[in-house]
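# Observations on chain architecture
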Amino acid sequence: MKAALITGITGQDGAYLARLLLNKGYKVYGLIARRSTDTTWRLDYLNIKNEVDLIEGDMTDLSSLIRALNFSKPTEVYNLAAQSFVGTSWEQPVLTANVTAVGVVNLLEAIRLTNPAIRFYQASTSEMFGLIQEPMQSESTPFYPRSPYGVAKLYGHWITVNYRESFGMHTSSGILFNHESPLRGIEFVTRKVTDAAARIKSGLQSELRLGNIDAKRDWGFAGDYVEAMWLMTQQEVGDDYVVATGKTTTVREMCDIAFSYLDLDYQDYVVIDPKFYRPAEVEVLLGDPTKAITKLNWEPETSLNDLVRMMVDADLQRVKQEVSLVAGV
Ligand code: NAP
Ligand code: GDD
């Protein structure tokens, strides 16, 4: 039986990837960081909490990573753990570097010391393109990160490439563009918008405060993107792949999709609040997934319209549950 260790299993992608690997018959282990409150709601949401084995550990603690590998004996490791919110990376740049950059080399070293034959996936990001150097970004586009998060991820990307070239390890870097789902953290713009639309429709909220709504992103569905992660570790050799839809949309247009689905006009509710502007913005991202499509035989399956509607439906459902809980029914 194949075994996989997923770091960041309590995050959006970790939960979807765990479900995918369970469906493929893997024994799934997840590294879980010690927190004062329960962080497993996404595993509950997908009904897989009892099917995965959680091992306590932290990306900043090399000894815990070695212990996790010794215990789980995985054939594949997926490194999804990160301080992943771009906005927070200006407030906590050192923590972001420790977890999102140094954490990667900690894990690669732990693998090299325990079993260098393990296949490794690194969650790299379109944020590394930042101030874009080409209108459509591919594996050969030069990087220009614009946030402490993007800079940290760039280290993670290159150390992944370096361990492949230095030690012949099977390491892959998935340069994933933004991907969303009903399991997206509430701080990210898509979920903030779909949650607000659901609350406004239900009479629980009156406005939505946003920053730069002219920013453009290449948004896909997380459920589709975890399939690409798995496909990378199944190849004969590790490599780097851009995973994207090849379409870009403004935050403004995304708001329109969400609100008009509920027969609302976003312009009646969205208030621009400079508090949400970033010190250095990534204005536009647009990925070229040709290599993933041709070499991995991967394809994005969910349109942005369907994705946003799926998220709005899930948020409406949550709001309903919240209201009935408060009402005691
Ligand atoms: P997410 O929901 O923010 O999940 C991040 C995960 O990392 C959580 O499970 C979190 O645990 C864990 N983590 C944070 N600090 C840790 C530490 N010190 N030790 C161990 N675990 C720690 O992120 P996501 O959206 O699923 O993204 C998954 C990965 O892909 C991240 O590396 C992200 O940077 C990258 N990525 C995401 C996107 C996207 O659009 N979603 C695009 C490109 C790349 P807690 O639950 O305890 O906080
Ligand atoms: N979060 C947030 N909140 N973003 C806002 C807001 C707001 O109120 N208003 C406008 N935006 C804009 C941001 O300035 C940014 O240009 C865009 O919406 C998307 O922001 P996020 O949803 O926070 O995502 P991100 O693109 O910064 O980062 C996400 O995608 C990266 C891949 O490109 C994260 O998932 C990263 O971890 C990931 O690497």
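On a predicted model such as this, the values are computed, not experimentally measured, just so you know. (Residues numbered from 1 in each chain as written. Chains lettered and ligands numbered in written order. Predicted model: local features only at pLDDT ≥ 70, side-chain atom pairs only at ≥ 80, totals over all residues. Heavy atoms only, no water.)

### With respect to the overall build of the chain
- Counting its secondary structure elements, the chain contains 11 helices and 13 strands.
- Taken against the 2.2 N^0.38 rule, which gives 20 Å for 329 residues, the C-alpha radius of gyration of the chain at 20 Å falls within 12% of a compact globule.
- Each of the three principal axes of the chain carries a C-alpha extent, and together these read 55 × 50 × 40 Å.
- Here the chain, with 329 residues, has 54% of them falling under the buried criterion. (Helix = DSSP H or I, 4+ residues; strand = E, 2+ residues; numbered from the N terminus. Rg over C-alpha atoms; globule rule 2.2 N^0.38 Å. Buried < 20%, exposed > 50% of the residue type's maximum accessible area, 1.4 Å probe, protein only.)

### Remarks on the domain arrangement of the chain
- Domain annotation for the chain reports domain 1 (3–179 + 222–243) and domain 2 (185–217 + 247–284 + 303–327).
- Taken over C-alpha atoms, the centre of domain 1 sits 27 Å from the centre of domain 2.
- Each partner contributes to the interface: domain 1 provides 13 residues, whereas domain 2 provides 12 residues.
- In total, about 1,200 Å² of surface goes out of reach between domain 1 and domain 2, with carbon and sulfur atoms giving 57% of it.
- Area buried by domain 1 at its contact with domain 2 is led by Phe-85, Trp-90 and Arg-146, which between them contribute 40% of it.
- Seen at the junction of domain 1 and domain 2, the total is zero salt bridges.
- The element contributing the most residues to the side of domain 1 that touches domain 2 is helix H2 (residues 41–45), with three residues. (Domains from an automatic or database assignment. Contact = heavy atoms within 4.5 Å. Buried area = accessible area lost by both parts, 1.4 Å probe. Salt bridge = Lys/Arg side-chain N within 4 Å of Asp/Glu carboxyl O.)

### A short note on the site of ligand 2
- Taken together, 25 residues surround ligand 2, and among them Thr-125, Ser-126, Tyr-149, Arg-278 and Glu-281 come closest.
- One of the side-chain N or O atoms of Arg-184 is found 2.8 Å from an oxygen atom in ligand 2.
- Residue Arg-278 places a side-chain N or O atom 2.5 Å away from an oxygen atom belonging to ligand 2.
- For ligand 2, whose unbound accessible area comes to 710 Å², protein coverage reaches 96%.
- Of the residues in the shell around ligand 2, the class split is 11 nonpolar, six polar and eight charged.
- Viewed by domain, the shell around ligand 2 spans two of them, domain 1 (3–179 + 222–243) and domain 2 (185–217 + 247–284 + 303–327), each represented by three or more residues. (Near = heavy atom within 4 Å. Polar contact = N/O pair within 3.5 Å; in protein donor to acceptor, adjacent residues only side chain to side chain. Areas by Shrake-Rupley, 256 points an atom, 1.4 Å probe, with all protein chains shown as cover. Nonpolar A, V, L, I, M, F, W, Y, C, P; charged D, E, K, R; others polar.)

### Brief notes about the pairing of strand E5 (residues 119–125)
- Within E5, six of the seven residues are buried, leaving the element largely enclosed by the surrounding structure.
- The sheet contact formed by strand E4 (residues 76–79) and E5 spans four bridges and is parallel. Its bridge partner being in E5, Tyr-78 is matched across the sheet by Tyr-121.
- The pairing of E5 with strand E6 (residues 171–176) spans six bridges and is parallel. The residue of E6 that forms the bridge with Ser-124 is Ile-175. (Pairing = 2+ DSSP bridges.)

### A closer look at the site of ligand 1
- Close to ligand 1 lie 25 residues, the nearest being Thr-10, Asp-13, Ser-84, Tyr-149 and Lys-153.
- Arg-184 places a side-chain nitrogen or oxygen 3.2 Å from a nitrogen atom of ligand 1.
- When ligand 1 sits alone it has 900 Å² of accessible area, and the protein chains cover 89% of it.
- Where the shell around ligand 1 is concerned, the elements lending two or more residues are helix H1 (12–23), E5 and helix H6 (148–167).
- Per-element accounting of the shell around ligand 1 gives the leading share, three residues, to E5.
- Looking at the shell around ligand 1 residue by residue, the class counts come to 10 nonpolar, 10 polar and five charged.

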